[in-house]
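The primary structure of each chain is shown beneath.
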Amino acid sequence: LTLVEQRAMFEEDRARLSLEAASRARWTPSVDLSAAATRRTSDSRQDGLATGSVETNERNVRYSLSLEVSWPLWARPLDHKIREAFAEKSAAAARRDDAAREGGRQVEAVRVKIADLYRALPPYRDAYVAAGQLYEAQRALYDAGAVGALAVTETDSRRLAALGNWYEAVFDVKLALL
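Residues numbered from 1 in each chain as written. Predicted model: local features only at pLDDT ≥ 70, side-chain atom pairs only at ≥ 80, totals over all residues. Heavy atoms only, no water.

**A short note on the overall build of the chain**
What the chain contains, in helices and strands, is four helices and two strands. Going from N to C terminus, the chain has its helices and strands arranged as α-β-β-α-α-α. Taking 178 residues into account, the globule formula puts the C-alpha radius of gyration at 16 Å, and the chain, at 46 Å, lies well above it. Considered along the principal axes of its C-alpha atoms, the chain spans approximately 165 × 35 × 15 Å. When the 178 residues of the chain are sorted by exposure, 15% land in the buried category. In the chain, the share of contacts with a sequence separation of at least 24, taken over all contacts with a separation of at least 6, comes to 68%. Per element, the accessible surface of the chain, about 14000 Å² overall, is 58% carbon and sulfur. The chain carries 26 positive and 26 negative side-chain charges, and their two centres are separated by 4 Å. (Helix = DSSP H or I, 4+ residues; strand = E, 2+ residues; numbered from the N terminus. Rg over C-alpha atoms; globule rule 2.2 N^0.38 Å. Buried < 20%, exposed > 50% of the residue type's maximum accessible area, 1.4 Å probe, protein only. Contact = heavy atoms within 4.5 Å. Areas by Shrake-Rupley, 256 points an atom, 1.4 Å probe, with all protein chains shown as cover. Lys, Arg positive; Asp, Glu negative; His and termini not counted. Charge placed at Lys NZ, Arg CZ, Asp CG, Glu CD.)

**Observations concerning the packing of aromatic side chains**
One pass over the structure, following the stated rule, counts one aromatic pair. For the cation-ring pair, R159 lies above Y135, with the distance from its terminal atom to the ring centre recorded as 5.0 Å. (Phe/Tyr/Trp six-rings, centres within 6.5 Å; stacked < 30°, edge-to-face > 60°. Lys NZ or Arg CZ within 6 Å of the ring centre and 35° of its normal.)

**Describing helix α4 (residues 149–177)**
Spanning 29 residues, α4 covers 42 Å between terminal C-alpha atoms, matching the ideal 42 Å at 1.5 Å per step. For α4, the complete set of buried residues consists of V152, T155, A162, L163, A169 and V173. Considering only its buried residues, α4 is in contact with α2 (76–119) and α3 (121–144). (Expected span 1.5 Å × (residues − 1).)

**Looking at the pattern of salt bridges**
Scanning the model with the defined rule gives 13 salt bridges in all. Residues R101 and D98 are paired through a salt bridge, measuring 2.4 Å at the closest nitrogen-oxygen approach. Residue R101 and its partner D98 are both found in helix α2; the two are separated by three residues, about one turn of the helix. Look at R101 and you get partly exposed, because its relative accessible area is 46%. (Salt bridge = Lys/Arg side-chain N within 4 Å of Asp/Glu carboxyl O.)

**Observations concerning the environment of L177**
Considering the arrangement of structural elements, one finds L177 in helix α4. Look at L177 and you get partly exposed, because its relative accessible area is 39%. Residues L177 and L117 lie 60 residues apart in sequence; the distance between their C-alpha atoms is 9.1 Å. Other than its neighbours up to four places away in sequence, L177 contacts I114, L117 and Y118.

**Points about the environment of L175**
Position of L175 among the secondary structure elements: in helix α4. A residue is classified by how much of its surface remains accessible, and L175, at 48% relative accessible area, is partly exposed. Sequence separation between L175 and L78 is 97 residues; the distance between their C-alpha atoms is 57 Å.

Encoded structure:
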């Protein structure tokens, strides 16, 4: 995978998670739990001569617990977030597909270049092999006394030049592959 493809896949995963979070927020009810406690005490005392003394003690303690479950049936802002997240996910998927296609095109271009470079090597190799065969033939003729040493030396220099050309072509291929 190329770096562009990896980044596009990361963006697609992030957009997918955002869409899932927006969908959960839209379709999951919210639950609120609250509790309250109140305590009221009142004391009243009267010292009256005519009525006598009155003493009153009141204690009121109240507890309340409430549970609220809300499920939005009509939540336009949440629907908008879902549509926005879906559009971002679709765009990220398209960017990932484009990156994959571009990566495929680059790989194919490199493959074609490598094939062309290797296709250029056989003529150099064949020239070296032919020069070697010619040298062996000239050497045999020299040993038989049919040709002079100059012809054998010339043929050998052609063979070595063909070998140098082949090595240079192999080096060029290796250099191009870097």
